[in-house]
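Summary of the model geometry
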Amino acid sequence: MKIIGLTGGIGSGKSTVSNYLTEKGYHVLDADQIAREIVLPGSEMLIRLTAAFGDEIINEDGTLNRKKLAAIVFSDPEKKKTLDGLMHTEILELIHERILRYREKAETVAAKGDPGKKYRVIFIDAPLLFETGLDKNVSEVWVIDADDETRIKRIMERDGLEREEILSRINSQMPRDEKNRRADVILDNTGDQESLYRQIDMLLERI
């Protein structure tokens with residue numbers, strides 16, 4: 001089975017790519033979705049995060065206040081390192097478990113006949129694909145790229161964040177140039193969605 005990693009900086013359009021692949025019938029493991037699953041109210045991870053960052057990161061209903069947690073960790077590199085250390089190990093373990101389950105499912109389907117190429121590939125959408133070393137476990141890496149100003153505009157419209165806060169988050173991530181240098185494929189998402197979709201379709205043709 002071919003495993004393709006999807007990554008890119010904040011606001012680059014990873015979710016747009018993942019959603020398009022899902023709509024076309026491909027299986028996508030979303031690291032951000034897994035991160036949300038492991039911090040549900042009452043979870044062991046949420047207890048650890050509260051111990052590390054204080055009760056202020058918890059809403060009245062017991063859910064994680066992501067904006068408050070982000071404000072804490074993106075203003076302090078050491079706290080960001082603490083958060084990553086807590087979260088990444090469990091996220092990676094769950095990703096590997098789900099890959100194994102999907103591989104077993106694909107093998108079962110294949111035993112009954114050719115399942116088509118959609119069962120021969122799995123995508124992993126991971127913002128920190130390189131930083132966590134997950135890139136070493138994939139067949140190839142697709143980086144979704146857009147210039148900084150385009151990304152800033154998208155994030156402001158999507159999340160309502162101030163420019164300085166966005167820049168702080170961008171600067172906390174691996175630089176664009178480094179991601180692009182390590183990519184097997186670069187998807188240019190500075191244009192419209194149709195342009196992005198055409199690039200994806202061309203790549204899917206060769207899988």
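Each remark here, short or long, concerns the structure printed above.
Residues numbered from 1 in each chain as written. Predicted model: local features only at pLDDT ≥ 70, side-chain atom pairs only at ≥ 80, totals over all residues. Heavy atoms only, no water.

A few points about the pattern of salt bridges
Quick note on the threshold: By definition here, a salt bridge exists when the distance from a side-chain nitrogen of Lys or Arg to a carboxyl oxygen of Asp or Glu is within 4 Å. Runs of H or I in DSSP of at least four residues are treated as helices and runs of E of at least two as strands, each being numbered from the N terminus. A simple rule labels every residue: compare its accessible area, found with a 1.4 Å probe on the protein chains alone, to the largest value its type can have, and call it buried under 20%, exposed over 50%, or partly exposed in between.
Tallying each qualifying case throughout the model produces 15 salt bridges. A salt bridge links Arg98 to Glu37, with the shortest nitrogen-to-oxygen separation between them at 2.7 Å. Highlighted residues: Arg98 in helix H5 (residues 77–110) and Glu37 in helix H2 (residues 31–37), separated in sequence by 61 residues. Accessibility expressed as a relative area gives 22% for Arg98, which makes it partly exposed. Judged by its relative accessible area of 31%, Glu37 is partly exposed. For Glu178, the salt bridge is made with Arg182, and the minimal N-O distance between the two is 3.9 Å. Linking Glu178 with Arg182, this pair stays in helix H8 (residues 176–182), spanning 4 residues, or about one helical turn.

Thoughts on the nonpolar core
Nonpolar side chains in soluble globular proteins generally cluster together in the buried interior. Keep this limit in mind: The criterion is simple. A nonpolar core is a set of buried Ala, Val, Leu, Ile, Met, Phe, Trp, Tyr and Cys residues joined through side-chain atoms within 4.5 Å. By the convention used here, residues are in contact when the closest approach between their heavy atoms is within 4.5 Å.
Formed by 35 residues in total, the largest nonpolar core has its most connected members in Leu49, Met87 and Ile95. Elements with a contribution of two residues or more to this core: H2, helix H3 (44–53), helix H4 (66–73), H5, strand S3 (121–125) and strand S4 (140–145). No other element matches H5, which puts 8 residues into this core. Excluding anything up to four places from it in sequence, Met87 contacts Ala35, Ile38, Val39, Met45 and Leu49. Membership of the second largest hydrophobic core comes to 18 residues, among which are Val121, Leu187, Tyr197 and Leu204.

Let's talk about the packing of aromatic side chains
Put simply, the rule is: Ring geometry is summarised as follows: Phe, Tyr and Trp rings, the Trp one being its six-membered ring, pair when their centres sit within 6.5 Å, and such pairs are stacked at plane angles under 30 degrees, edge-to-face over 60 and tilted between the two.
If you walk through the whole model with that rule in mind, you get 4 aromatic pairs. Taking 4.0 Å as the distance between ring centres and 10 degrees as the angle between the ring planes, the aromatic pair formed by Tyr20 and Tyr197 counts as stacked. Taken as a pair, Tyr20 in helix H1 (residues 14–23) and Tyr197 in helix H9 (residues 193–205) lie far apart in primary sequence, 177 residues in all. Judged on exposure class, the residue Tyr20 and its partner Tyr197 are both buried.

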